[in-house]
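Reading the structure
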2 protein chains.
Amino acid sequence: MPPIKEERNMFSKSCEYALKAVIYIATQSLEGRRVKIADVADSSNTPQAFIAKILRTLTKSGIVSSLKGPYGGFEIDLQKMKELKIGEVVFAIDGDAVYTSCSMGLKECNDADPCPMHHKFVKVRTELKSMLETTTVYDLAQKLKSGKATILR
Amino acid sequence: MPPIKEERNMFSKSCEYALKAVIYIATQSLEGRRVKIADVADSSNTPQAFIAKILRTLTKSGIVSSLKGPYGGFEIDLQKMKELKIGEVVFAIDGDAVYTSCSMGLKECNDADPCPMHHKFVKVRTELKSMLETTTVYDLAQKLKSGKATILR
DNA sequence: TTTATTATGGATAAATTTGTCCTAAATAAA
DNA sequence: TTTATTTAGGACAAATTTATCCATAATAAA
């Protein structure tokens, strides 16, 4: 009996794309390079017109900055990159429900009035939340640069 | 700047419904009651025709058992309930990607050839996986029965 | 054997997510 | 000032997920 949905990941596809894009832009920014949509698309193996929309969202959210015209493109400045948590990227696309809401989607579920899974699930959510809130984009870009991470597509 | 998707939860809606349904059926089975689709639908606050499909999947997966006709309905026998892990319910609906696959959806990502988030994300995934694999449906039904959990809808 | 009850299953619709295409606006360089 | 380059943004299409409707099959009781 195969599952109904073979690939239901933790984050939406849009969010996965956003994460890859941000990390790629960060690594290039560290080298002083501004990158174009087309670069992002193939570095992160995503459909170009689609990642363009996502980049627009990231720009509007102040996560990356963009410049039109020749020699334009996307970048993240060093200062920003060091402050920017990966959770902010997730939040801009998927919101915070993945690390704040009930495993069964119950609106009323909380410590005082819990669903049966609540206490066990809170542990997982909390670990996810704290990981997202403590990991900077700079950290991740460094991992690639130093060879501690090897793939991005 | 609001997120693109306001409610992207860890599990799909179908999966959330399945979890509520299974726990509800379990509590009723503990009382020796077989339950009808309509009961499940309003106990778990889900559209009836939709939960019917999900129940069909759960029946085919051997997670619950069903009986047609008058006095029919769904149930989970005690033995089964004690062995049944909540992870099996998740798996039947959403598959295992949520606790096995890369945060960015990268097929090639693993310990030897990791993406930049890999090591941090593995911790979260692993905690989720072990929570799902150690929590039985019986445990959860007991929580409701004993008043340690108070809501299911 | 008839009737009422309940799950099964197919068809289809609505909503959301993912993906594509095309034109406009901004900008740098020639 | 013209041209080439690049992001912005609207309209739309495809795919997936969520949801509804209705007819059928199975079963228990009268």
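Going by the structure above, here's the rest.
As a starting point, this report considers the structure included with it. (Residues numbered from 1 in each chain as written. Chains lettered and ligands numbered in written order. Predicted model: local features only at pLDDT ≥ 70, side-chain atom pairs only at ≥ 80, totals over all residues. Heavy atoms only, no water.)

1. Points about the relation of the copies chain B and chain A
Aligned on chain A, chain B shows an RMSD of 0.0 Å; the corresponding rotation is 180° and the shift along the axis is 0.0 Å. Read as a symmetry element, the transformation amounts to a two-fold axis. Distance from the rotation axis, computed per C-alpha, reaches its smallest value in chain B at B:Met10: 2.8 Å. Both copies share a contact surface, since 100% of the interface residues of chain B are interface residues in chain A too. (Least-squares fit on C-alpha atoms with pLDDT ≥ 70 in both. Contact = heavy atoms within 4.5 Å.)

2. Section: the environment of B:Pro3
Inspection of the secondary structure assignment puts B:Pro3 in the segment before helix 1 (13-30). By relative accessible area, which is 12% here, B:Pro3 ends up buried. Ignoring sequence-local partners within four residues, the contact set of B:Pro3 consists of A:Phe91, A:Ala92, A:Ile93, A:Asp94 and A:Gly95. (Helix = DSSP H or I, 4+ residues; strand = E, 2+ residues; numbered from the N terminus. Buried < 20%, exposed > 50% of the residue type's maximum accessible area, 1.4 Å probe, protein only.)

3. A few points about the protein's contact with DNA strand C
Around DNA strand C, a shell composed of 25 residues is seen, among which A:Pro47, A:Pro70, B:Lys53, B:Arg56 and B:Ser66 lie nearest. For DNA strand C, the fraction of protein-proximal atoms (within 4 Å) that sit in sugar or phosphate groups is 68%. Measuring from a phosphate oxygen of DNA strand C, one finds a side-chain N or O atom of B:Arg56 at 2.3 Å. Of all the elements in the fold, those that place two or more residues in the surface near DNA strand C are helix 1 (13-30) and helix 3 (48-60) of chain A together with helix 3 (48-60), strand 1 (65-67) and strand 2 (73-75) of chain B. In terms of residue class, the surface near DNA strand C is built from 11 nonpolar, 6 polar and 8 charged. (Near = heavy atom within 4 Å. Polar contact = N/O pair within 3.5 Å; in protein donor to acceptor, adjacent residues only side chain to side chain. Nonpolar A, V, L, I, M, F, W, Y, C, P; charged D, E, K, R; others polar.)

4. A short note on the interface of chain B and chain A
With 59 residues of chain B at the interface, the matching set in chain A holds 59 residues. With both chains or domains summed, chain B and chain A bury close to 5500 Å², and 66% of this area falls on carbon and sulfur atoms. Counting across the interface, chain B meets chain A through 0 salt bridges. Joining chain B to chain A, the criterion identifies 16 residue pairs in polar contact (both at pLDDT 80 or more). (Buried area = accessible area lost by both parts, 1.4 Å probe. Salt bridge = Lys/Arg side-chain N within 4 Å of Asp/Glu carboxyl O.)

5. Let's talk about helix 1 of chain A
Residues and elements named next belong to chain A. If you check helix 1, its first and last C-alpha atoms are 26 Å apart, about what 18 residues at 1.5 Å a residue would give, namely 26 Å. Summarising burial for helix 1: 16 of the 18 residues are buried, a large majority. Once helix 1 ends, the next one or two residues include Gly32, with phi positive near 80°. (Expected span 1.5 Å × (residues − 1).)

6. A closer look at the protein's contact with DNA strand D
Around DNA strand D sit 26 residues in total, of which A:Lys53, A:Arg56, A:Ser66, B:Pro47 and B:Pro70 are the nearest. Counting only the atoms of DNA strand D that lie within 4 Å of the protein, the sugar and phosphate share comes to 69%. With respect to DNA strand D, the backbone of A:Gly69 contributes an N or O atom lying 3.2 Å from a sugar or linking oxygen. At a separation of 3.5 Å, a base oxygen of DNA strand D approaches a polar backbone atom of A:Pro70. Taken together, the residues of the surface near DNA strand D break down into 11 nonpolar, 7 polar and 8 charged.

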